[in-house]
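# Structural characterization, general
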Amino acid sequence: MSSMKNPKNKVFEPFFEESFQATLERYQDLVYRIALTHTSNLHDAQDVFQEVFLIYWRKQPLLNDENHRQAWLITTARHCAQHITSGTWRQRVVLWGECQETQADNQPFRFETEDQNDVFSALQNLPDKYRTVLHLFYFEDMPIAQIASALQIETGTVKVQLTRGRQMMRDQLKGDYFNE
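This is a predicted model, so every value here is computed, not measured.

## A short note on the confidence of the model for the protein
- Averaged over the protein, the pLDDT score is 81; the fraction of residues at 70 or greater is 74%.
- pLDDT under 50 marks residues 1-9. Its contacts with residues more than four places away, or in other chains, come to three contacts.
- This stretch, residues 95-104, has a pLDDT under 50; its non-local contacts, to residues over four places away or in other chains, come to two contacts.

Here it is as structure tokens:
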């Protein structure tokens, strides 16, 4: 009984499982695409995806509304992706028995066409803040106000990051896609 009175000890709420399933179905594509955009690797994106929803299940965060839930999932996906890709373990460790098959499985994600791969590669070369706003704007079709809310930044900041990110993309793709 004491655990019900203590807010630090969460009591499992039966409806959370149903709510979790609905959240998973609603946001699984968004979380996976964010993960893929930030890791450039299918296996790492799958790890990020699983980690995000495992954290969501364990923490059972109290969220005000769907926008807050979406913002929480986007932010958590970004943090998990950053943790996976920036770890020194990944840079220093060579797995025992690593073979060409394993290395081939761990290659960066590839699209069907070279044009798509070039654009995705240019996106991967952008700093995180520009990559995120460009992804949310162009691939998730989120309006600027919703991006600002999800990332907890001002709408003016989103507009500036979109403008700068577009310019950086244009600079990287100059000659291939832009005749400037």
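Past the structure itself, the notes keep going.
## Quick word on the pattern of salt bridges
- Counted according to the given criterion, the structure contains four salt bridges.
- The partner of R26 in a salt bridge is E66, with the nearest N and O atoms 3.3 Å apart. On the criterion of sequence distance, the pair formed by R26 in helix α2 (residues 14-39) and E66 in helix α4 (residues 66-86) is long-range, its members being 40 residues apart.
- On the accessibility criterion, R26 (54% relative accessible area) is exposed.
- With relative accessibility at 30%, the residue E66 sits in the partly exposed group.
- A salt bridge links R69 to E66, with the shortest nitrogen-to-oxygen separation between them at 3.1 Å. Note that R69 and E66 are positioned in helix α4 at a spacing of three residues, about one turn of the helix.

## Quick notes on the packing of helix α7 (residues 114-124) against helix α10 (residues 155-173)
- Here α7 crosses α10 at 125 degrees, and the two axes come no closer than 9 Å. Relative to α10, the element α7 lies oblique. Taken as a pair, α7 and α10 cross one another with a handedness that is right-handed. The segment α7 lies against α10, with D118, V119, S121, A122 and L123 engaging M169, Q172 and L173.
- Considered class by class, the residues forming the contact of α7 with α10 number five nonpolar, two polar and one charged.

## What about the side chain of Q70?
- Mapped onto the fold, Q70 is located in helix α4.
- Judged by relative accessible area, which is 11%, Q70 ranks as buried.
- When neighbours within four sequence positions are excluded, Q70 is seen to be in contact with Y27, L30, M142 and Q146.

## Focus on the nonpolar core
- Membership of the largest hydrophobic core comes to 40 residues, with the highest contact counts inside it found for V31, F53, L73 and L136.
- Those elements giving two or more residues to this core turn out to be α2, α3 (42-59), α4, α7, α8 (128-139), α9 (144-151) and α10.
- Not counting residues within four places of it along the chain, the set of residues in contact with L73 comprises T23, Y27, V31, V52, F53 and Y56.

## Describing unusual backbone geometry
- A positive phi is found at D141, a non-glycine position, where the angle reads about 55 degrees.
- Relative to the elements of secondary structure, D141 occurs in the loop between α8 and α9.
- In the Ramachandran plot, Q152 falls in the positive-phi region, its phi being about 55 degrees despite a non-glycine side chain.
- Looking at the secondary structure, you find Q152 in the loop between α9 and α10.
- Exposure remark for Q152: the relative accessible area of 66% places this residue in the exposed category.

## A look at the packing of aromatic side chains
- Considering all chains together, one arrives at seven aromatic pairs under this definition.
- Taking the centre distance of 5.0 Å and the plane angle of 80 degrees together, the rings of F20 and W57 count as edge-to-face. Here W57 lies in helix α3 and F20 lies in helix α2, a separation of 37 residues in the sequence.
- Judged by its relative accessible area of 14%, F20 is buried.
- Three or more aromatic residues link up through ring pairs in this structure, and these residues are F20, Y32, F49, F53, Y56, W57 and W72.

Here is what the cut-offs are and how they apply
- Residues numbered from 1 in each chain as written.
- Predicted model: local features only at pLDDT ≥ 70, side-chain atom pairs only at ≥ 80, totals over all residues.
- Heavy atoms only, no water.
- pLDDT = per-residue confidence, 0-100.
- Contact = heavy atoms within 4.5 Å.
- Salt bridge = Lys/Arg side-chain N within 4 Å of Asp/Glu carboxyl O.
- Helix = DSSP H or I, 4+ residues; strand = E, 2+ residues; numbered from the N terminus.
- Buried < 20%, exposed > 50% of the residue type's maximum accessible area, 1.4 Å probe, protein only.
- Axes fitted to C-alpha atoms, helices over the stretch in contact; angles between N-to-C directions.
- Parallel < 35°, antiparallel > 145°, perpendicular 65-115°, else oblique.
- Left-handed = near helix turned anticlockwise from the far one by under 90°.
- Nonpolar A, V, L, I, M, F, W, Y, C, P; charged D, E, K, R; others polar.
- Core = buried A, V, L, I, M, F, W, Y, C linked by side-chain atoms within 4.5 Å.
- Phe/Tyr/Trp six-rings, centres within 6.5 Å; stacked < 30°, edge-to-face > 60°.

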